[in-house]
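Residue-level listing of the chains:
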Amino acid sequence: MPETYLPVLLALAFALILGGVILAASGLIGRGSGGRVKLSPYESGEPLLDPSRKRISILFFLIAIDFVIFDVEAAFLYPWVLVLREGGWPLFWSVMVFVALILVGFVYIWRKGGLDLKKRFRTRWQEASHG
Amino acid sequence: MSGLLAAMLEATGPTLFHYVLVPLIKIAIVLFAGVLPLIMYLVLAERKVLGFMQARVGPNRVGLWGLLQPIADVMKLLVKEDVVPRRAVRWAFVLGPCLVVAPAFVIFSVIPFGPPAATEGGISWFVTDINVALLMVLALATLPVYGIILGGWGSNSKFSLLGGLRSAAQMISYEVPQGFALVGPLLLAGTMSLVGIVEAQRDLGMWFIVPQFVAFFVFLVAGVAESNRNPFDLPEAESELVAGFHTEYTGIRFALFFLGEYANMIVVSSVAVTLFLGGWLRPFPSVEALSFLDLSFLPAGLGGVVWFSLKLFVFLFVYIWFRGTFPRYRFDQLMALGWKWMIPLALVNLFLTGLVKVWV
């Protein structure tokens, strides 16, 4: 029933228009802004010393990679759920093998300390303070 | 009213009427009569409840018991100065808050607030019932991450950048256990339509929280973390990061982030009520002796809407209760909780539920 999806599109259009109207209303009745100091980034009242574009810890990247792996796994499970009754034991065990394979990777990340952010952040801090 | 609708049906033809006009009216009602007022008064309720939990009064100056406070807040935020920092990346700065709010509002178009129409031409208490509703909810619930990281990066401020990164890491980490936890009720229901899931709970004769309490627990924790609320409100940990990703936001753009946070709270609560607490069903839906709880004296299935709202309010109260009770987690504790406890727990639950499902 593709036409049952139409209201979702309508809701999206509605939400975007609503957002636009709220922003426009504020733009019309809100006061303007100005001033060089006011428009500088917040740095607890200190003058800006260096640019905000810093190098970002690799840990965030690793978390994102872990996420992609597991979320794809979760996405594969959803269709499995719907046909499990008809598929019976063969389908159940074949997907469990798939989950087990991912789990091997999970245990590997865990054993390697990929989930111990404290340890990893601390080594970085120590490197930073000694270096 | 029904005469007017009949005239519109006559003028537009059934397809346009059933799939465009009626949904448009329903969306408008859900947003303007349901969600937006609920958000406004949820903020007030939060301040009041927190006030009483901390042995003070809370807002009580604007109107009786502070009941006009939300309106005053909205007016204030509308007329406030709208600052875009000089070094900000303008498109990202503007797009960020919109990306947080819009998906939450779209999700409400598939949430069943009450039962479907009992008779031909009756009122069904949802905008639309699509067969992959749950998948769509999950997909849309991911989008606010983009809004937050765009806003945090686009602000070009150190606090915003760190807050945005933390928030993104937290939200994607808890999305995994949330996704796994939702598989449990799906297994029991055998459909992804949210209306279908509630009807499966009626046919089973109990809410899915009974056989799926582990999944419910994981979903609850993940849901609180997803909506960046205490005790997982690290993205805006004011003692470390000023205000996290919305440090540089003022006026109405800040209000949009705020609106998004509360809308997401309501979304998470609605999904939890639908999947685990029987949606519009009364407690113990299989016990005949309690059928007076159906509130069937109310017209057109309104009793179901009453039950849905009651459960929703309980959930929202629990959110506020958490905020009044728990101290904030440290960032590494938060990530460890998600990866080391919630994911294994959800996987074990998934395995056992699948086993039972195939066995029986």
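As the structure is a prediction and not an experimental result, all values here were calculated from the model.

Calculation rules
Residues numbered from 1 in each chain as written. Chains lettered and ligands numbered in written order. Predicted model: local features only at pLDDT ≥ 70, side-chain atom pairs only at ≥ 80, totals over all residues. Axes fitted to C-alpha atoms, helices over the stretch in contact; angles between N-to-C directions. Helix = DSSP H or I, 4+ residues; strand = E, 2+ residues; numbered from the N terminus. Parallel < 35°, antiparallel > 145°, perpendicular 65-115°, else oblique. Left-handed = near helix turned anticlockwise from the far one by under 90°. Contact = placed C-beta atoms within 7 Å. Nonpolar A, V, L, I, M, F, W, Y, C, P; charged D, E, K, R; others polar. Domains from an automatic or database assignment. Buried ≥ 20, exposed ≤ 12 C-beta atoms within 10 Å, placed from the backbone. Arc of directions from axis to C-beta. pLDDT = per-residue confidence, 0-100.

Undergrad: Help me get a handle on the packing of helix H4 (residues 90-107) of chain B against helix H6 (residues 144-154) of chain B, residues and values and all.
TA: All names here are of chain B. Where H4 meets H6, the axes come as close as 7 Å, and the angle between the chain directions of the two elements is 160°. Between H4 and H6, the angle falls in the class roughly antiparallel. The two elements H4 and H6 cross, and the hand of that crossing is left-handed. Taken together, the residues of H6 that come into contact with H4 (itself represented by Ala92, Phe93, Leu95, Gly96, Pro97, Leu99, Val100 and Pro103) are Pro144, Tyr146, Gly147, Ile148, Leu150, Gly151, Trp153 and Gly154. Considered class by class, the residues forming the contact of H4 with H6 number 12 nonpolar, four polar and no charged.

Undergrad: Quick one: what's the story with the interface of chain A and chain B, residue by residue and with numbers?
TA: In this complex, chain A contributes 50 residues to the contact, which on the side of chain B involves 62 residues. Of all the secondary structure elements, the ones that give two or more residues to the side of chain A that touches chain B are helix H1 (6-29), helix H2 (58-111) and helix H3 (117-130) of chain A. The element best represented in the side of chain A that touches chain B is H2(A), accounting for 17 residues. When grouped by side-chain class, the residues that make up the side of chain A that touches chain B number 35 nonpolar, nine polar and six charged.

Undergrad: Can you tell me about the domain arrangement of chain B, naming the residues and giving the values?
TA: Residues and elements named next belong to chain B. Taken as a whole, chain B is organised into domain 1 (1-79) and domain 2 (82-359). Computed from C-alpha atoms alone, the centre-to-centre distance between domain 1 and domain 2 is 19 Å. Listed per partner, the contact involves 17 residues of domain 1 and 16 residues of domain 2. Put simply, the parts of the chain that give the side of domain 1 that touches domain 2 at least two residues each are helix H2 (14-53) and helix H3 (69-79). For the side of domain 1 that touches domain 2, the element with the highest residue contribution is H2, accounting for 15 residues.

Undergrad: How would you summarise helix H8 (residues 194-204) of chain B if you had to cite specific residues and measurements?
TA: Residue and element names in this part refer to chain B. What H8 keeps buried is the set Leu194, Val195, Ile197, Val198 and Gln201. Seen end-on, H8 carries its buried residues on one side only, within an arc spanning 165°. The inward-facing, buried residues of H8 contact helix H5 (133-142), helix H7 (158-189) and helix H11 (251-276). Directly beyond the C-terminal end of H8, a positive phi value near 90° is found at Gly205.

Undergrad: Let's hear about the confidence of the model for chain B: which residues, and what values?
TA: Residues and elements named next belong to chain B. Confidence along chain B averages 83 in pLDDT terms, with 95% of residues attaining 70 or more. The least confident element of chain B is helix H1 (residues 2-12), whose mean pLDDT is 69; the most confident is helix H9 (residues 213-226), at 90. Among the prediction metrics, the complex's ipTM stands at 0.80, with pTM recorded as 0.86.

Undergrad: Explain the environment of His246(B) to me, and be specific about the residues and the numbers.
TA: Residue and element names in this part refer to chain B. With respect to the helices, strands and loops of the structure, His246 is situated in the loop between helix H10 (238-241) and H11. C-alpha separation for the pair His246 and Phe257, spaced 11 residues apart in sequence, amounts to 7.7 Å. Beyond its immediate chain neighbours, meaning those up to four positions away, His246 contacts Gly151, Phe254 and Phe257.

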